[in-house]
Amino acid sequence: MKHPPRVLVCDDFAPLLESVAGSLRQAGFEVETTATGIDSLARLRSAPYDVLVTDIWMPGMDGLSLMKLLTTEFPQLRVFAMTGGGPDFTVETAVSLAEVWGAERVFVKPFDEEQLVQAILNR
């Protein structure tokens, strides 16, 4: 029997982080959370994950920088990004950059978390 997908969710906004993680757990995924890109990278290096769901704009290492590293270090990792916009780029630019760096899909906040669940399930 195939194990439930292991998902790492990263967002610096705790209420959204917990909401997304809760929706994924309810769907049967094994979920862990981090609040920074640096913490996510450390977690990914210490244990295998199937999916990363990351915010794009975070202090320190943002989601785009994280995704750039993942393309070479974890090319098999499925990545989904979330954004509500940021200080340097429009939402449209952030979405385009995330797609360039390997995001399968980018969700613009606020979004229906069931759509994220379905995107992960629909390989």
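Presented here is an overview of the structure given in this document. (Residues numbered from 1 in each chain as written. Predicted model: local features only at pLDDT ≥ 70, side-chain atom pairs only at ≥ 80, totals over all residues. Heavy atoms only, no water.)

**Looking at the overall build of the protein chain**
For step 1, the next point in the chain: Within the protein chain, the regular secondary structure consists of five helices and five strands.
For step 2, the next point in the chain: When the helices and strands of the protein chain are placed in sequence order, the string is β-α-β-α-β-α-β-α-β-α.
For step 3, the next point in the chain: Taken over the C-alpha trace, the protein chain has a radius of gyration of 13 Å; the compact-globule value for 123 residues is 14 Å, and the two agree within 12%.
For step 4, the next point in the chain: Each principal axis of the C-alpha distribution contributes one length, and for the protein chain these read about 45 × 30 × 25 Å.
For step 5, the next point in the chain: Every one of the 123 residues in the protein chain was classed for burial, and the buried ones make up 46%.
For step 6, the next point in the chain: In the protein chain, the proportion of contacts linking residues at least 24 apart, taken out of those at least 6 apart, comes to 69%.
For step 7, the next point in the chain: Of the charged side chains in the protein chain, 10 are positive and 17 negative; the average position of the first set lies 7 Å away from that of the second. (Helix = DSSP H or I, 4+ residues; strand = E, 2+ residues; numbered from the N terminus. Rg over C-alpha atoms; globule rule 2.2 N^0.38 Å. Buried < 20%, exposed > 50% of the residue type's maximum accessible area, 1.4 Å probe, protein only. Contact = heavy atoms within 4.5 Å. Lys, Arg positive; Asp, Glu negative; His and termini not counted. Charge placed at Lys NZ, Arg CZ, Asp CG, Glu CD.)

**What about the pairing of strand E5 (residues 103-108)?**
For step 1, the next point in the chain: Alignment of strand E4 (residues 78-83) against E5, held across five bridges, turns out to be parallel. Residue pairing across strands places Ala81 opposite Val106, the latter belonging to E5.
For step 2, the next point in the chain: A crossover links E4 with its parallel partner E5, the connecting element being helix H4 (residues 91-100), and its sense is right-handed. (Pairing = 2+ DSSP bridges. Right-handed = clockwise from strand over helix to strand, strands pointing away.)

**Quick word on the packing of aromatic side chains**
For step 1, the next point in the chain: Scanning the model with the defined rule gives one aromatic pair in all.
For step 2, the next point in the chain: A cation sits over an aromatic face here: Arg6 above Tyr49, 4.4 Å from the ring centre. (Phe/Tyr/Trp six-rings, centres within 6.5 Å; stacked < 30°, edge-to-face > 60°. Lys NZ or Arg CZ within 6 Å of the ring centre and 35° of its normal.)

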